[in-house]
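# Descriptive analysis of the structure
Take a look at the letters that make up each chain.
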Amino acid sequence: MNKDEILYWLDPDRDAAPLFARADKVRRERVGDGVHLRGLIEFSNICRRRCYYCGIRSGNARVRRYRLSAEEIMGCARTAVRLGYGTVVMQSGEDPGWGPAALIPLVEKIKTETDLAVTLSVGEHSRGDYRALRAAGADRFLLRFETSDRRLFALLRPDSDYDARFRRLAWLREAGFQVGSGVMTGLPGQTRESLADDILIFRDLALDMVGVGPFIPGPDTPLADAEPGTLDLALRVTALARVVTGDAHIPATTAMGSIDPQGRQKALRCGANVLMPNISPTEHRPDYSLYPGKICTGERPEECSACVDAMLTGLGRSRAEGHGHSLKGER
Ligand code: SAM
Ligand code: SF4
Ligand code: FES
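Note that residues are indexed from 1 along each chain, following the sequence as it is written. Labels follow written order: the first chain is A, the first ligand is 1, and so on. Note on the predicted model: pLDDT of at least 70 is required for a residue's local features to be given, and 80 or more for side-chain atom pairs to be given and counted; whole-chain, interface and lining totals, by contrast, use all residues. Here the side-chain values reflect all heavy atoms present in the structure, with hydrogen atoms and water set aside.

Buried means the residue's accessible area, taken with a 1.4 Å probe over protein chains only, is under 20% of the maximum for its type, while exposed means over 50%, and partly exposed covers the values in between. Think of it this way: any DSSP run of H or I at least four residues long counts as a helix, any run of E at least two long counts as a strand, and we number them from the N terminus. Among the five residues that make up strand β3 (residues 117-121), five are buried, leaving the element largely enclosed by the rest of the structure. Residues A117, T119 and S121 line one face of β3 and the alternating positions V118 and L120 line the opposite face, and both faces are buried. Two strands are said to pair when DSSP picks up at least two bridges between them. Sheet topology note: the strand β2 (residues 87-92)/β3 ladder contains five bridges and is parallel. Bridge pairing in β3 links M90 to L120. Orienting the strands away from the viewer, one traces the path from the first strand over the helix to the second; a clockwise path indicates a right-handed crossover. What joins β2 to β3 is helix α4 (residues 100-113), and the crossover it makes is right-handed.

Taking burial as the measure, the six residues of strand β6 (residues 209-214) include six buried ones, the bulk of the element. Every second residue of β6 is oriented toward a common face, with M209, G211 and G213 on one face and V210, V212 and P214 on the other, all of them buried. Sheet analysis places strand β5 (residues 178-185) next to β6, joined by six bridges and oriented parallel. Residue pairing in the sheet places V183 in a bridge with V212 of β6. Each parallel crossover has a hand, and for β5 linked through helix α8 (residues 192-204) to β6 it is right-handed.

Glancing now at the side chain of Q178. Its place among the elements puts Q178 in strand β5. Here the side chain of Q178 touches H325 through a polar contact of 3.0 Å, side chain to side chain. Ignoring anything within four residues of it in the chain, the contact list for Q178 reads D139, R140, F141, D208, M209, H325 and S326. Throughout this description, a polar contact denotes any pair of N or O atoms lying within 3.5 Å of each other; where both atoms belong to protein, one of them has to be capable of donating a hydrogen while the other can accept it, and for residues adjacent in sequence the pair is counted only when both atoms sit in side chains. Here, residues are in contact when the closest pair of their heavy atoms is within 4.5 Å.

This brings us to the pattern of salt bridges. For this analysis, a salt bridge means a side-chain nitrogen from Lys or Arg found within 4 Å of a carboxyl oxygen belonging to Asp or Glu. Scanning all chains against the criterion turns up 37 salt bridges. For the salt bridge of R27 with D24, the shortest nitrogen-to-oxygen distance reads 2.9 Å. Here R27 pairs with D24, and both are found in helix α2 (residues 17-31), just three residues apart, close to one helical turn. Classification of R27 as buried rests on a relative accessible area of 2%. Among the ionic pairs, R48 bridges to E94, the shortest N-O distance being 2.7 Å. A residue pair is termed long-range when its members are at least 10 positions apart, and R48 in the loop between β1 (34-44) and α3 (70-82) and E94 in the loop between β2 and α4 qualify at 46 residues. In this structure R48 comes out as partly exposed when scored by relative accessible area, which is 46%. Salt bridges sharing partners connect three or more residues here, namely R48, R49, E94, E124, E146, R157, R165 and R168.

Another aspect to go through is the packing of aromatic side chains. Two aromatic rings, drawn from Phe, Tyr or Trp (for Trp, its six-membered ring), form a pair once their centres lie within 6.5 Å of each other, and the interplanar angle then sorts them: stacked below 30 degrees, edge-to-face above 60, tilted otherwise. Across all of its chains, the model carries eight aromatic pairs by this definition. Ring geometry for F141 versus F177: centroids 5.6 Å apart, planes at 70°, classification edge-to-face. Here F177 lies in the loop between α7 (162-175) and β5 and F141 lies in strand β4 (residues 140-142), a separation of 36 residues in the sequence. Each member of the pair, F141 as well as F177, is classed as buried. When the ring of F153 is compared with that of Y162, the centres are 5.5 Å apart and the planes differ by 90°; the resulting orientation is edge-to-face. You can call F153 buried: its relative accessible area is 2%. Three or more aromatic residues joined by ring pairs form one cluster here, namely F145, F153, Y162, F166 and F202. The rule is short: NZ of Lys or CZ of Arg within 6 Å of the ring centre and within 35 degrees of the ring normal puts a charge over the ring. Here the guanidinium or amino end of R14 rests over the ring plane of Y8, the centre of that ring lying 3.7 Å away.

Listed below in structure tokens is the structure:
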């Protein structure tokens, strides 16, 4: 698919049904009907950055900050095993209290004591730190580039650098991680043109995982008055990501489920093949407040597990077997 074709499908006035059907077919042929479940551990909401879109940005005094202990995180990992998940995704703000030096022994412990695959989503670190985290046993890393529009990136991430973010995706690859990236859709000032570039970049980077979510404005952020992204646009980008990448693992994201009660189900029918049920301790969930209206903030891990199983049954799909590693094989 070339850029003109991508732009054709990004037009909101165009009926998306043929695109969604095509993406669903590619998904079935390339990755099958199984849906991989990744248990999400939101282990710290402390962050040194001030990304304009994010509810847990540093300086937001309304956030009640927390940081799980190593023992609490091990408890979450054991919950993941009990619930039959093949992977834990450890996500946090860029918390100096949970920097690479602290994460390394924790990752080693999870890998020694369980059979889980470990995905990290902990932001920007040095090349050496990424290597060390990979050597400790972490299998995958998620680092969204958020937008390929340089101007927009600089506006929305005042203390981050566009080229440095992309350089890190190369470092992660070089360190041997399965690499995931992605974007938010519907950011203020984001053009269709730049979204088409985002989608081409998914293909050019040969990503193992691609995450797409609608931007949802938060009240205590500089973007409080911005318009939220639509589910329609997030679904179009998800479907296009499936068509251009073929076999990437693509989640039906929490943000999609948060702007529409059927958001994740719809994503699973237009290209997505992954769900990330929350396994964080319920007491801290409301404080990982990236955006308002986030789903699963009052549930226990068992409830989210039962919820996603019911969702899969309703869609005629089932849990996928195994760890759900990248299908791209040895590079
Ligand atoms: N701190 C790490 C980072 O930024 O890469 C990982 C955690 S960060 C909270 C995970 C993702 O949340 C970001 O990549 C971003 O796309 C998404 N996110 C943050 N604020 C959001 C918002 N207001 N609406 C939708 N998604 C948001
Ligand atoms: Fe921190 Fe990530 Fe939020 Fe940016 S998006 S403020 S790096 S948690
Ligand atoms: Fe958490 Fe549905 S997945 S309540």
